[in-house]
Amino acid sequence: MYIGGTGKPGLHHLLWEVVDNAVDEATNGYASQIDVVLHRDGRSITVSDNGRGIPVDKHPTKKIPTLEVILTTLHAGGKFDSSNYITSGGLHGVGASVVNALSEDLVATIKRDGATWEQRYERGKPVTKLKKVSPNSRGTGTSIYFRPDADIFETVDFDAGIIAENLETKTYLNGALRIAFKNEATGEKHEYHHEGGIEEFLGHKLSEGKLRPVHVDPFVLRQEGMVDGARVEVTLQWTEAPREALYSYVNGIPTPDGGTHEQGLKNAIRSAVRSYMDTHDLLPKKLDISAEDIREGVMGIVNLFMVDPQFQGQTKEKLNNPEIKGIVTAAIRLELEQFLNRHPSTGDAIATRVVQAAKARHASRAAATKVRRKTSVSHRLNLPGKLADCASTNPEDSELFIVEGDSAGGSAKQGRDRGTQAILPLRGKVLNAEQATLKKVQDNKELSNVVQALGCGLGDQLELSKLRYHKVILLMDADSDGHHISTLLLTFFYRYMKPLIEEGFVFIAQPPLYRIDAAKNTWWALDDEDRERIMADIKKRNKNTKIELQRFKGLGEMMPQTLKDTTLDPEKRRLLKVTIPDAERMVTEQTISQLMGKDASARFDFIMNNVDEVQDLDV
Ligand code: 0RA
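Residues numbered from 1 in each chain as written. Predicted model: local features only at pLDDT ≥ 70, side-chain atom pairs only at ≥ 80, totals over all residues. Heavy atoms only, no water.

Thoughts on the overall build of the protein
- Per the secondary structure count, the protein includes 18 helices and 25 strands.
- For the protein, the proportion of its 619 residues judged to be buried stands at 53%.
- When the accessible surface of the protein is split by element, carbon and sulfur atoms take 49% of a total near 28,300 Å². (Helix = DSSP H or I, 4+ residues; strand = E, 2+ residues; numbered from the N terminus. Buried < 20%, exposed > 50% of the residue type's maximum accessible area, 1.4 Å probe, protein only. Areas by Shrake-Rupley, 256 points an atom, 1.4 Å probe, with all protein chains shown as cover.)

Concerning the sheet that holds strand 10 (residues 219-223)
- Pairing is mixed across the open sheet formed by 5 strands, whose spatial order is 10-11-14-12-13. The outermost strands of the open sheet, each flanked by one partner alone, are strand 10 and strand 13 (253-254).
- Docked against the sheet, helix 4 (residues 160-173) engages strand 11 (231-238), strand 12 (245-250), strand 13 and strand 14 (298-305), running at close to 75 degrees with respect to strand 14. (Pairing = 2+ DSSP bridges. Contact = heavy atoms within 4.5 Å. Axes fitted to C-alpha atoms, helices over the stretch in contact; angles between N-to-C directions.)

Some details on the sheet that holds strand 21 (residues 514-518)
- Spatially, 22-21-23 is the arrangement adopted by the 3 strands of the open sheet, whose pairing is antiparallel. In this open sheet, the two edge strands, each paired with only one partner strand, are strand 22 (521-525) and strand 23 (547-551). Mean inter-strand twist for the sheet, computed between neighbouring axes without regard to direction, equals 20 degrees.
- Across 5 bridges, the pairing between strand 21 and strand 23 is antiparallel. For Y514, the partnering residue across the bridge sits in strand 23 and is R551.

Topic: the packing of aromatic side chains
- Applying the stated criterion to the full structure yields 7 aromatic pairs.
- Ring centres of Y172 and F201 lie 4.6 Å apart, and the angle between their planes is 20 degrees; on these two criteria the pair is classed as stacked. Residue Y172 is found in helix 4, and its partner F201 is found in helix 5 (residues 197-208); the two are separated by 29 residues along the sequence.
- Among the aromatic residues, ring-to-ring pairing joins Y172, F201 and Y249 into one connected group.
- Taking the ring centre of Y30 as reference, the NZ or CZ of R52 above it sits at 3.6 Å. (Phe/Tyr/Trp six-rings, centres within 6.5 Å; stacked < 30°, edge-to-face > 60°. Lys NZ or Arg CZ within 6 Å of the ring centre and 35° of its normal.)

Thoughts on the environment of Q421
- By the element assignment, Q421 lies in strand 18 (residues 421-426).
- Separated by 30 residues in the primary sequence, Q421 and A391 place their C-alpha atoms 8.2 Å from one another.
- In contact with Q421, other than residues within four places in its own chain, are A388, C390, E399, F401, R416, L568, P570 and R573.
- Polar side-chain contacts of Q421 include one of 2.9 Å to the side chain of E399.
- Within the structure, the side chain of Q421 is placed 3.1 Å from the backbone oxygen of L568, a separation counted as a polar contact. (Polar contact = N/O pair within 3.5 Å; in protein donor to acceptor, adjacent residues only side chain to side chain.)

Observations regarding the pairing of strand 7 (residues 141-148)
- Within strand 7, 6 of the 8 residues are buried, which leaves it mostly tucked inside the rest of the structure.
- Pairing geometry for strand 3 (residues 103-112) and strand 7, over 8 bridges, is antiparallel. Of the residues in strand 7, the one forming a bridge with I110 is T142.

Description of helix 10 (residues 406-415)
- Within helix 10, the full set of buried residues consists of A408, G409, S411, A412 and G415. The arc that holds the buried residues of helix 10, viewed along the axis, is 165 degrees, so those residues lie on one side. Away from its buried face by more than 90 degrees, helix 10 exposes S407 and Q414.
- Lining the buried residues of helix 10 we find strand 17 (399-404), strand 18 and helix 16 (560-568). (Arc of directions from axis to C-beta.)

Describing the side chain of S392
- Within the secondary structure layout, S392 lies in the loop between helix 9 (344-377) and strand 17.
- In this structure the side chain of S392 is engaged in a polar contact, spanning 2.8 Å, whose partner is the side chain of D397.

Comments concerning the side chain of T142
- Along the chain, the position of T142 falls in strand 7.
- Exposure remark for T142: the relative accessible area of 9% places this residue in the buried category.
- There is a polar contact of 3.2 Å between the side chain of T142 and the backbone nitrogen of I54.
- Setting aside anything within four residues of it in sequence, one finds T142 in contact with V47, S48, D49, G53, I54, T109 and I110.

What about unusual backbone geometry?
- With a phi close to 45 degrees, R123 is a non-glycine residue in the positive phi region.
- Inspection of the secondary structure puts R123 in the loop between strand 4 (115-122) and strand 5 (125-126).
- Even without being glycine, K520 reaches a positive phi, approximately 65 degrees.
- Mapped onto the elements of the fold, K520 is located in the loop between strand 21 and strand 22.
- Look at K520 and you get exposed, because its relative accessible area is 89%.

In C-alpha cells:
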C-alpha cells in the first residue's frame, strides 16, 4: 500500500525513500554530498549524507529521541509536524518509518554536535538504545543502513542498474548535488554530478534515444516566485520522433503518470505555439491542428518544486493539486511564446514540424479508416494470403501463431489444431515500429499482414471487439534472429496495439532447444540450463544410462508432431504472457525507446532477464 507492492519496484521504493530524505536535506541547502553503497550481499544498502544529522535530543512531547520518533512513527501525508522535518518530496513521503518497519535490520548513525550516535532496529522495533559511539567526531550527517525483510518482499536483491540510473537522474534534477554510488559486489564506483541540470538531462536523453532535434537551442526556463511559493524548471526541444516524450517530476521525484503540472505544461505549449503560428501566419488554411500535433516529437522535462504536493493513484505517481495546472501554465506560456519570437528560426522549425505532424495524422487516419472498412466489410475475404486460418470464428477460443519463416510455418500448419489454431508465417523483414510513422507501419508487408489477420485495426482506430483471436502467440526460433523478430513485433504491439498487451492477449511460445532421450523416455529442454538440470537428474537415477541429445537448429527442423507435443498443444505447452506491470510503465516506455531508438540493434536480453524472474513476461 505505501510502497507500491512487495515486488521489485516496491523493494526499490524503500531505497528511493531513504535517498529522497537525503536529497531533501541537500535541496534545502544543508548537504552537498550523498553516498550510496550497495553492500556485497546485494540485499543491503547504506545511504549517507553530510547534512545536519537527524536530531538526537529528546522529543518535546514523546520523551524519546527525535530520531526514534522519526523512525518509528507513521505520519500521514509524509509530513512531520513537530520540528521542521518535512519530506518535501512527499510522493514516497511515507517516511523512514515505513522503510524501518519493512527492514530486517536498520542502523541509523548520526553525527551531530561533535559526537557520533547509533541506534539499531529490527523490523521497525529498536533493539538498542540510542548510544553515543564516539564522543568527539568531526562534521555532521546521517547514515542509514538497511536490509529489507526477506519475509515480506518477493525478491530482496537490488538491481544496481536501476539504482545507478535513478541516482544519476537525481543529480540532473538537482544541479548542485553530488551522489557517489558504490557496488561492493563488483567494486564499481560512480560519481554523479551534472551542473547543467535539466538542460544537460535533455541532451542526454536525446542522444540516448538517438533522436534528432529539429532546432538547435532548447527552450529552458527556471521560474521562481510563482503563486503559493512554487518554483518550476522546464526544458523543451522538438525532434523528428513520431511521438512526444514528457518527463515530469515534483521536487525531483518522478511522476510517471503526469498530473496537473504536466497538464499545465501541455496547455502552455499548445497555447504558445498556436499563438506564435497564428501571429506569423504559419497555420495552413484547410488543416486543423490538434494539441497532439503541436506536441508531436517534443521531448520535455518539467520539475516542479512545491510545498504540499498531493498525489493520486495506487502508487501515488500522479500530481493531483488542482491549482497547479493554471499556475504552471501561467509560468510558462508567455515565456515560451517570447522565446519563439526571439528565436524565429527555432519557431519556424517547430511550426514546420507541427504542420508535418498534422498532415501525417490526416493521411494515416484516412489510411487506417480504409483498412478498417476493408476488414469489416468482408470478415474473411481480406485476410492475408499466407494465413492458415482456424475454423472457429469465436475469438475467445481462437489462437493466432505468428511464426518465423515458411518452413517452420509448414510444420506448424501440420501440427496445429485446425479448429482453433491459425498460423501466420512471416518471411520478410519486420519494420522497427519505434521510429516509424503509422503510414510506414501500414506499408510494411509483414506488419500489415499481422494487422489484417487480427482484424481490429490499429493506433487510435483500434477496436478490441473486432480482434479475431484472444491469444496472439509469437513462435520464433530460440536464436538471436528469432529474438530480434520477437522484439520488433513486441515493439509494434506496444506502440500501435497496446490494448492487446494490456488485455493479456499477447504471448510468447517456448519451443524447446533440445530433445533428450534416455531409457525409452523423452524430455524437452528449453535452454542450456534446463538441459543440464534434466541430464543431471537422469544420471542421478542411473549413472550408466545412455543419453541421446539432439539440438534443434530451428523450428523448421522439428517434426510437426514434435512441435505439437512441445509447443502447440494447450495441454502440454508453456506460454509466457506479455504484461506491463503497473509500477514499471515508465521504465517500460523508456526501455522501449532506448532499445528500439533509431538504428539501435534490437536487444532481447531485457525481455529475457525479466522472464527468469516471473512466469509472466514483462516488457
Ligand atoms: C529533522 C530535523 C532536522 C534535520 C533532519 C530531520 C534530517 C533528516 C534527514 C534524513 C536524511 N538525512 C537527514 N538529515 C537531516 C534539522 C535539525 C536541525 O535543526 O539541526
